[in-house]
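Close look at the chain arrangement
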Amino acid sequence: MSSIVVTVDSQGIENLIGSFQTSSSALNRNPLVRLLFSGNQNVVGQILASLAQEFNQMNSHNVDTAVASNSQDISPIQIHVHRSFLGGIPAASISISPLGSSSLPSMPLNESALVAYTRALNSQANIRDYLMNFVTDLLITTINSIKLQSSSLVQMTGATNQLTRTAASLAADKCHQLAVALFSMARKVSFEDVQIASRQLTQCATNVVTVGEDVVSDIVKQYSRRLMDHCKLERSSWI
Amino acid sequence: MCVPNLEFQLVNPTTQVALYAVCIGLCLDIESIRWNIYQGSANSSSNSTKWTLFSPMTAYENSWFFGIPTTNFTATNQLFLSNPQISLWRFEVVYTFPAESSTSALNFIINQAPSNGSCLIDPPSGTTTTLFTVSCPDWFDADGINDYSLYGKTIPGRESNSIGYSQHGRRTHPN
């Protein structure tokens, strides 16, 4: 089969971000959101994976732009992203200083570039929070549903600097449920399927743990470890 | 003594085979354990199978095969994928005691893949909000087809991601 060429529908993304910032009724009318409400595993999994990939790319581009606009006279530099959760509302502030110095900024900063970056960061983080609910609502049925949902979660937690405490905690919970379901059917499905799913769940646990030790469910890590041990056991011939 | 099990079990060539052996009775003086693999050719005239020892076994120890001298034996799917011409396999374990040896075995038949079909994605290009339709008509499998799973990769050579799955029938999905 030849490759399929898919280009990003930037207008569709902009519309989604716009509806999100307008009102909840505007959001409910957005075509992508209406598809997400279908509860259909394939539809929800695909849309979330696609949105996550696009947001991850936008995020990388934003970081690069913020660095570039502030690095003409400064080389090398380091960027500190300070995350705070005041009253549960995520806020990021960014400072730039020469490599090796203390964390207090002492260089002139390109204010507008950083403001733009912070705004984009926060709006994308808020949308991720909202989108995370759709995957957590999906029913866990067969090994295929576990593979699809864990793949979506890996991509949705992939840009860790955009993960709020809420989103990370929702993802950790869901990964935990998927791990429990996988463990219960591990002896009845193929070793290769267990390997794929447990690798993805381990990646999910790794992604959410970077947000903060107090956010991640330790049980997710435990289950991931047990699943990886199960896979190692399978490899050394255990039935 | 060991009781051989001569039933043919169906196995997918895409999955590994993990077997274990249990010694029943007086098993305190086991000298050694060894697993052997045989490939089979059906003798249509006499309705029996001729088994030939699969010789490259030691060459693939710890790449295709694990645990040859232990109670737990694994053959990875590479054994089947690299030998698509062999559809009958026999896995045998031999326990050697001071005065005698005892053996047991399992026979496997490779599950044949579906055939005679094709897959088409329409349209061949679009955006992330285009509805693409995947059609896989005309596939035949003697055991019947239960469901379809779809995988995609964005970067050639990397692992595929699960995109969707369904029961028997046509599947449509956005992007």
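In every chain, residue numbers begin from 1 and rise along the written sequence. Naming scheme: in the order in which they are written, chains are lettered from A and ligands are numbered from 1. Where local features are concerned, this predicted model is filtered to residues with pLDDT of at least 70; where side-chain atom pairs are given and counted, the filter is 80 or more; whole-chain, interface and lining totals use all residues. To get the side-chain values, take all heavy atoms of the structure and skip hydrogens and water.

The subject of this paragraph is the overall build of chain A. Scanning chain A for helices and strands turns up 9 helices and 3 strands. Helix and strand definitions follow DSSP, with helices as H or I runs of at least four residues and strands as E runs of at least two, each counted in order from the N terminus. Ordered by position from N to C terminus, the α and β elements of chain A give β-α-α-α-α-β-β-α-α-α-α-α. Contacts in chain A between residues far apart in sequence, at least 24 positions, make up 67% of those at least 6 positions apart. In the form shown here, chain A has an accessible surface area of approximately 11,600 Å², with 56% of it arising from carbon and sulfur atoms. Any two residues having at least one pair of non-hydrogen atoms within 4.5 Å are treated as being in contact. Working definition of accessibility: Shrake-Rupley area with a 1.4 Å probe, residue cover restricted to the visible protein chains.

Scanning chain B from terminus to terminus reveals 1 helix and 14 strands. In chain B, the proportion of contacts linking residues at least 24 apart, taken out of those at least 6 apart, comes to 52%. Total accessible area on chain B is roughly 10,300 Å²; 53% of this is exposed by carbon and sulfur atoms.

A separate point is the state of the cysteines. Residues and elements named next belong to chain B. Here, a disulfide means two cysteine sulfur atoms that sit within 2.5 Å of each other. Scanning the entire structure with this criterion turns up 3 disulfides over all chains. C23 shares a disulfide with C27; S-S distance 2.0 Å. Here the disulfide of C23 and C27 is left-handed, its torsion about the S-S bond being about -85°. With relative accessibility at 25%, the residue C23 sits in the partly exposed group. There is a disulfide in this structure between C119 and C136, and the S-S distance comes to 2.1 Å. In this structure the cystine formed by C119 and C136 twists about its S-S bond by roughly 115°; its chirality is therefore right-handed. Here C119 is found in the loop between β8 (101–110) and β9 (120–122), whereas its partner C136 is found in the loop between β11 (131–135) and β12 (147–152), with 17 residues between them in sequence. Here the disulfide map of chain B reads 1-2, 3-4, the bonded cysteines being numbered as they appear in the sequence. When accessible area is computed with a 1.4 Å probe and restricted to protein chains, residues below 20% of their type maximum are described as buried, those above 50% as exposed, and intermediate ones as partly exposed.

Time to look at the interface of chain A and chain B. The partner chain B presents 36 residues to the 36 residues of chain A that form the contact. Buried surface at the junction of chain A and chain B, both sides included, amounts to about 2,900 Å², of which 51% is carbon and sulfur. Nitrogen and oxygen atoms within 3.5 Å of one another constitute a polar contact, given that in protein one can donate a hydrogen and the other can accept it, and given that sequence-neighbouring residues count only through two side-chain atoms. Counting across the interface, chain A meets chain B through 13 residue pairs in polar contact (both at pLDDT 80 or more). Put simply, the parts of the chain that give the side of chain A that touches chain B at least two residues each are β1 (5–7), α4 (41–68), α6 (143–156), α8 (191–209) and α9 (218–235) of chain A. As a working definition, buried area equals the accessible area (1.4 Å probe) given up by two parts on being put together, with both sides summed.

Between two packed helices, the angle of one axis relative to the other and the distance separating the axes together describe the packing. Residue and element names in this part refer to chain A. Here the axes come from fitting lines to C-alpha atoms, over the contacting stretch only for helices, and the angles between their N-to-C directions go from 0 to 180 degrees. Look at α6 against helix α7 (residues 165–185): their axes get within 10 Å of each other, and the N-to-C directions meet at 155°. Between α6 and α7, the crossing angle belongs to the class labelled roughly antiparallel. At the point where α6 passes α7, the crossing takes the left-handed sense. Contacts from I143, I146, Q149, S150 and L153 of α6 reach α7 at A171, K174, C175, L178, A181, L182 and M185. Working definition: roughly parallel below 35 degrees, roughly antiparallel above 145 degrees, roughly perpendicular at 65 to 115 degrees, and oblique for all remaining angles. Each crossing is labelled by how the near helix is turned from the far one, with a counterclockwise turn of less than a right angle marking it left-handed and a clockwise turn marking it right-handed.

Time to look at the sheet that holds strand β1 (residues 8–11) of chain B. Residues and elements named next belong to chain B. If DSSP finds at least two bridges between two strands, the strands pair. Here 5 strands make up an open sheet; going across it, the order is β1-β8-β7-β3-β4 and the pairing mixed. If you trace the sheet from one side to the other, it starts and ends with β1 and β4 (48–53), each paired once. For this sheet, the mean inter-axis angle between neighbouring strands, taken without regard to orientation, is 35°. The pairing of strand β3 (residues 32–43) with β4 spans 6 bridges and is classified as antiparallel. What sits directly across from G40, in β4, is W51.

Our next topic: helix α1 (residues 10–22) of chain A. All names here are of chain A. Working rule for helices: expected span equals 1.5 Å times residues minus one. With 13 residues, α1 should cover 18 Å at 1.5 Å per step; its first-to-last C-alpha distance of 18 Å lies within 8% of that length. Burial in α1 covers these residues: G12, I13, L16, I17 and S19. Within α1, the buried residues cover an arc of 160° as seen down the axis, which keeps them to one side. For α1, the exposed residues set more than 90 degrees away from the buried face come down to Q11, Q21 and T22. Summarising the geometry, the arc corresponds to the directions from the helix axis toward the C-beta atoms.

Moving on, we get to the confidence of the model for chain A. Of the residues in chain A, 68% have a pLDDT of 70 or more, and the chain-wide mean is 76. Residue-level confidence of the predictor is summarised by pLDDT, bounded by 0 at the bottom and 100 at the top. Overall, residues 73–77 of chain A carries pLDDT values under 50, and its contacts beyond four positions in sequence, including any with other chains, amount to 9 contacts.

Our focus in this paragraph is a nonpolar patch on the surface. Like-charged residues within 9 Å of one another, or nonpolar side chains (Val, Leu, Ile, Met, Phe, Trp, Tyr) within 5 Å, are grouped into patches, provided each residue has over 30% relative accessible area and no salt bridge. The term salt bridge refers to a pairing of a side-chain nitrogen on Lys or Arg with a carboxyl oxygen on Asp or Glu at a separation within 4 Å. The grouping of F8, L10 and I109 of chain B at the surface amounts to a nonpolar patch, some 260 Å² of accessible area in total. Looking at the secondary structure, you find F8 of chain B in strand β1.

We now examine the confidence of the model for chain B. Residue and element names in this part refer to chain B. Summary statistics for chain B give a mean pLDDT of 84 and a share of 89% for residues scoring 70 or more. Note that residues 168–175 has pLDDT below 50 and, in this model, 40 contacts with residues that lie over four places away or in other chains. At the level of chain-chain contacts, confidence expressed as ipTM amounts to 0.74, with global pTM at 0.74.

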